[in-house]
Every structure is written in C-alpha cells, then in structure tokens.
Amino acid sequence: MSQHVKVKLSIRKYEDNVLCDVVAIEACYILLGRSWQFNKKTMYNGLTNKITFTHKENKFSFHPLLLSQVVEYQVQMRNKRNEEKKGSNLENKNE
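An account of the accompanying structure is given in this report.

Conventions and cut-offs
- Residues numbered from 1 in each chain as written.
- Predicted model: local features only at pLDDT ≥ 70, side-chain atom pairs only at ≥ 80, totals over all residues.
- Heavy atoms only, no water.
- Patch = residues over 30% accessible without salt bridge, like charges linked within 9 Å, V, L, I, M, F, W, Y side chains within 5 Å.
- Areas by Shrake-Rupley, 256 points an atom, 1.4 Å probe, with all protein chains shown as cover.
- Salt bridge = Lys/Arg side-chain N within 4 Å of Asp/Glu carboxyl O.
- Helix = DSSP H or I, 4+ residues; strand = E, 2+ residues; numbered from the N terminus.
- Polar contact = N/O pair within 3.5 Å; in protein donor to acceptor, adjacent residues only side chain to side chain.
- Contact = heavy atoms within 4.5 Å.
- Phe/Tyr/Trp six-rings, centres within 6.5 Å; stacked < 30°, edge-to-face > 60°.
- Buried < 20%, exposed > 50% of the residue type's maximum accessible area, 1.4 Å probe, protein only.
- Pairing = 2+ DSSP bridges.

A short note on a nonpolar patch on the surface
Residues Leu 65, Tyr 73 and Met 77 make up a contiguous nonpolar surface patch of roughly 280 Å² in combined accessible area. One can find Tyr 73 in helix α2 (residues 67-94).

Shown next as structure tokens:
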C-alpha cells in the first residue's frame, strides 16, 4: 500500500477527516480500521453490532442499516450518477 488519501467523513452530525489507505476494489464503503477505533476510544457492542464513540464532546453511535435502507440508498446513488452523466453528456454536446 503506497497511497493515502484524507477523506472528509460526514454522517448526520458527525464530521471528521480520516486518513485512509487506498486499495483498488469495487465497493462503496469506508472501512474504519483499528487506528481510527483506537484514536476515537470506540466501544463495540457485539450483540447489536453498534459502535459508540465521542468526538468533539458529542456522543455518536454507528449501527448497521436495514437491507431495505441499503437498497434505497443504492437506488438513490444510481439515479444521482445517471443524472450527473446526462448533465455532462449535454455539456459535451454543447461544446
């Protein structure tokens, strides 16, 4: 692994910058590794699969999405990408 990127992460009210290793994969996930978990003093509940931590004096909890929520977000992202492609295709034709 020779490349790193700083990713601005925003989930509801939680905002942070995370230094990430770059790995070529076909996925849309950010894997928060052990160093992030250690630095944020996270607490993991294996029963509920929830991660709780404090950032800038605010308490946050990450928990898995329901399958229906994952599908809904994937459809929204696909529609947004398609709209962006249509917009860039129109701009290229007008040039």
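Looking at the side chain of His 55
Looking at where His 55 falls in the secondary structure, it is placed in strand β4 (residues 50-55). Among the polar contacts listed, one links the side chain of His 55 to the backbone oxygen of Glu 15, at a separation of 2.9 Å. The contacts of His 55, once residues within four sequence positions are left out, are Tyr 14, Glu 15, Asp 16, Lys 40 and Phe 60.

Details of the packing of aromatic side chains
Applying the stated rule across the entire model yields 5 aromatic pairs. Consider the rings of Tyr 14 and Phe 62, whose centres lie 5.7 Å apart with planes at 75°: the pair is edge-to-face. Taken together, the residues Tyr 14 in strand β2 (residues 14-21) and Phe 62 in strand β5 (residues 58-62) connect sequence positions 48 residues apart. Ring plane angle 25° and centroid distance 5.7 Å describe the contact between Phe 53 and Phe 60, whose orientation is recorded as stacked. Side by side, Phe 53 and Phe 60 carry an identical accessibility label, which is buried. Among the aromatic residues, ring-to-ring pairing joins Tyr 14, Phe 53, Phe 60 and Phe 62 into one connected group.

Some remarks on the pairing of strand β1 (residues 4-11)
Of the strand pairs in this sheet, β1 and β2 are connected by 8 bridges, and their pairing is antiparallel. If you follow Ile 11 over to β2, its bridge partner there is Tyr 14.

Some details on unusual backbone geometry
Even without a glycine there, the phi angle at Asn 49 is positive, about 60°. Mapping Asn 49 onto the fold places it in the loop between β3 (43-45) and β4. Positive phi, close to 50°, is recorded for Lys 56, a residue that is not glycine. Mapped onto the elements, Lys 56 comes out in the loop between β4 and β5. By relative accessible area, which is 68% here, Lys 56 ends up exposed.

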